[in-house]
Amino acid sequence: MDLTELKNRAKEEIEKIVDLKSADDFFKKYLGKKGEVAQIFDSLKDLAIEEKKAIGQEANILKKEIEEFFNTKADELKNASKQAGLGHKAEKIDITRPGQKIQRGHLHPLTLAMNEACCIFQTMGFEIAQGPELETEWYNFDALNVPKDHPARDMQDTFWLKDTRTVKNEIKSSKLLMRTQTSPVQIRYMESHQPPLRIIAPGRVFRNEATDAKHGAQFYQLEGLMVDKEVAACNFKAIIEEFLKRFFKTNIEMRLRPGFFPFTEPSFEIDVKRPDGRWMEIMGAGMVHPNVFRAAGLNASVKPGLGWQGFAFGVGIDRLAIVKYKISDIRLLYQNDLRFLQQF
Ligand code: PHE
């Protein structure tokens, strides 16, 4: 009886098996009650005691080996049928089911409002200008005609820096602050560009004040400046009306109130009517004060044709956003609460 031959045969056979039915046949043939392995054990009874022992041991090992061949193959076949979706517990794929929605990020409502506002002004010929958030007292106040002891300096509670080092090339002022407004960009731009000009300057501004539903210690402004030989308040009104109409996509009601800013004369404050009927101030504006032109090294004139004239405005982007998206409280814009942000 050649046990090695039997083992090799079994191995060869099992390797060729590709389905459960033939695996079953294989089991019967080798490991079944009347299978080849059982026959070996049967034949032991005719042998002498010594041989019985020796062959019995070998036959036991052989049985285990063939069982292992079978088990490995059986597992292999089961896995394959599961993957193909044929097994009884196999996953069924319903191709008509809607897919799982992929979570995607999107722009913040403030960014949306800022982008939209910039776009609208760009289509009206305004170029984008920028200035630093860390400013000097000169650009934020002095050059904008705010006298040293004027309450307007307190009006916009300023974050002053302890450090008073002179900034690069800055001889005019050494005191540093976080800009309280984007208006210093007007001066910086006019210093290096000759009118006629039309710019907007979007950016972050900082104020040392308590926050509430309409005020934040840090918020966004969009400064506008138009300078030419003949620019009047009616030009300002027309441009702002057009801007608001496009930004809010309705004929939103607006009103101009007289206001005060040291860098404009006359000055206005602009309100828009919120959907609930209440007025909301969204911007300060006015005709550029001659002292501002002078500080930037330009000739000013109140009479058309003799020097430069212009209007300037500073619109609060946060305010625009809360009116446009009907948000009740400006602070929601800075809390990064996904339940809020996912609505945009
Ligand atoms: N800088 C002013 C503010 O922050 C707004 C403003 C800008 C007013 C330009 C007039 C002209 O309140």
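Residues numbered from 1 in each chain as written. Predicted model: local features only at pLDDT ≥ 70, side-chain atom pairs only at ≥ 80, totals over all residues. Heavy atoms only, no water.

Visitor: Describe the overall build of the protein chain, naming the residues involved and giving the relevant values.
Guide: When you go through the protein chain residue by residue, the secondary structure sums to 12 helices and 9 strands. Counting only C-alpha atoms, the protein chain reaches 130 × 50 × 35 Å along its principal axes. For the protein chain, restricting intrachain contacts to residue pairs at least 6 apart in sequence, the fraction spanning at least 24 positions comes to 64%. In the form shown here, the protein chain has an accessible surface area of approximately 20400 Å², with 52% of it arising from carbon and sulfur atoms. The average position of the 52 basic charges and that of the 49 acidic charges among the side chains of the protein chain differ by 4 Å. (Helix = DSSP H or I, 4+ residues; strand = E, 2+ residues; numbered from the N terminus. Contact = heavy atoms within 4.5 Å. Areas by Shrake-Rupley, 256 points an atom, 1.4 Å probe, with all protein chains shown as cover. Lys, Arg positive; Asp, Glu negative; His and termini not counted. Charge placed at Lys NZ, Arg CZ, Asp CG, Glu CD.)

Visitor: Pulling in residues and values, what's your account of the domain arrangement of the protein chain?
Guide: Domain boundaries in the protein chain define domain 1 (3-91) and domain 2 (109-341). When each unit is reduced to the centre of its C-alpha atoms, the spacing between domain 1 and domain 2 is 87 Å. (Domains from an automatic or database assignment.)

Visitor: Would you mind going over the sheet that holds strand β1 (residues 127-128) in detail, with residue names and values included?
Guide: Strand pairing in a sheet is mediated by backbone hydrogen bonds. Such pairs are either parallel or antiparallel. Strand order in the open sheet formed by 7 strands is β1-β4-β5-β9-β8-β7-β6, and the pairing between neighbours is mixed. Only two strands of the sheet have a single partner each, and these edge strands are β1 and β6 (254-261). As paired strands, strand β7 (residues 264-273) and strand β8 (residues 279-288) are joined by 8 bridges and run antiparallel to one another. The partner of K273 across the bridge, within β8, is W279. (Pairing = 2+ DSSP bridges.)

Visitor: So what about unusual backbone geometry? Which residues, and what values?
Guide: Cis geometry is found at the peptide bond from P195 to P196, where omega equals 0°. Looking at the element boundaries, P196 is found in the loop between α8 (184-192) and β4 (197-206). The residue after E265, namely P266, is reached through a cis peptide bond having omega -5°. For P266, the position within the fold is in strand β7. Of note, the phi angle at N145 is positive, near 70°, even though the residue is not glycine. Within the secondary structure, N145 sits in the loop between α6 (137-140) and α7 (152-155). Residues other than glycine seldom take positive phi values, yet N336 does so here, at roughly 50°.

Visitor: Describe the nonpolar core, and please don't skip the residues or the numbers.
Guide: With 43 residues, the main nonpolar core has F121, L244 and F313 as its most contacted residues. Secondary-structure elements contributing two or more residues to this core are α5 (109-123), β5 (218-228), α9 (233-248), β7, β8, β9 (309-316), α11 (317-324) and α12 (338-341). What F313 contacts, discounting residues up to four positions off in sequence, is F121, L222, E223, G224, F236, I240, M283, G284 and A285. (Core = buried A, V, L, I, M, F, W, Y, C linked by side-chain atoms within 4.5 Å. Buried < 20%, exposed > 50% of the residue type's maximum accessible area, 1.4 Å probe, protein only.)

Visitor: Tell me what's going on with the site of the ligand, and back it up with residues and numbers.
Guide: In the region of the ligand, 15 residues are neighbours, and Q181, S183, R207, Q221 and G314 sit closest. At a separation of 2.8 Å, a nitrogen atom of the ligand approaches a polar side-chain atom of Q181. At a separation of 2.9 Å, a nitrogen atom of the ligand approaches a polar side-chain atom of S183. About the coverage of the ligand: the protein hides 93% of its 320 Å² of free accessible area. Spatially, the ligand is embedded in the largest pocket. Elements with a contribution of two residues or more to the shell around the ligand: β5, β8 and β9. When residues in the shell around the ligand are grouped by element, the largest group, 3 residues, is from β9. Each residue belonging to the shell around the ligand can be placed in one class, and the counts come to 5 nonpolar, 8 polar and 2 charged. (Near = heavy atom within 4 Å. Polar contact = N/O pair within 3.5 Å; in protein donor to acceptor, adjacent residues only side chain to side chain. 1 Å grid on protein atoms, 1.4 Å probe; cavity = no way out; pocket = protein on both sides within 12 Å on 5 of 7 lines; lining within 4 Å. Sits in = over half its atoms within 2 Å of the grid points. Nonpolar A, V, L, I, M, F, W, Y, C, P; charged D, E, K, R; others polar.)

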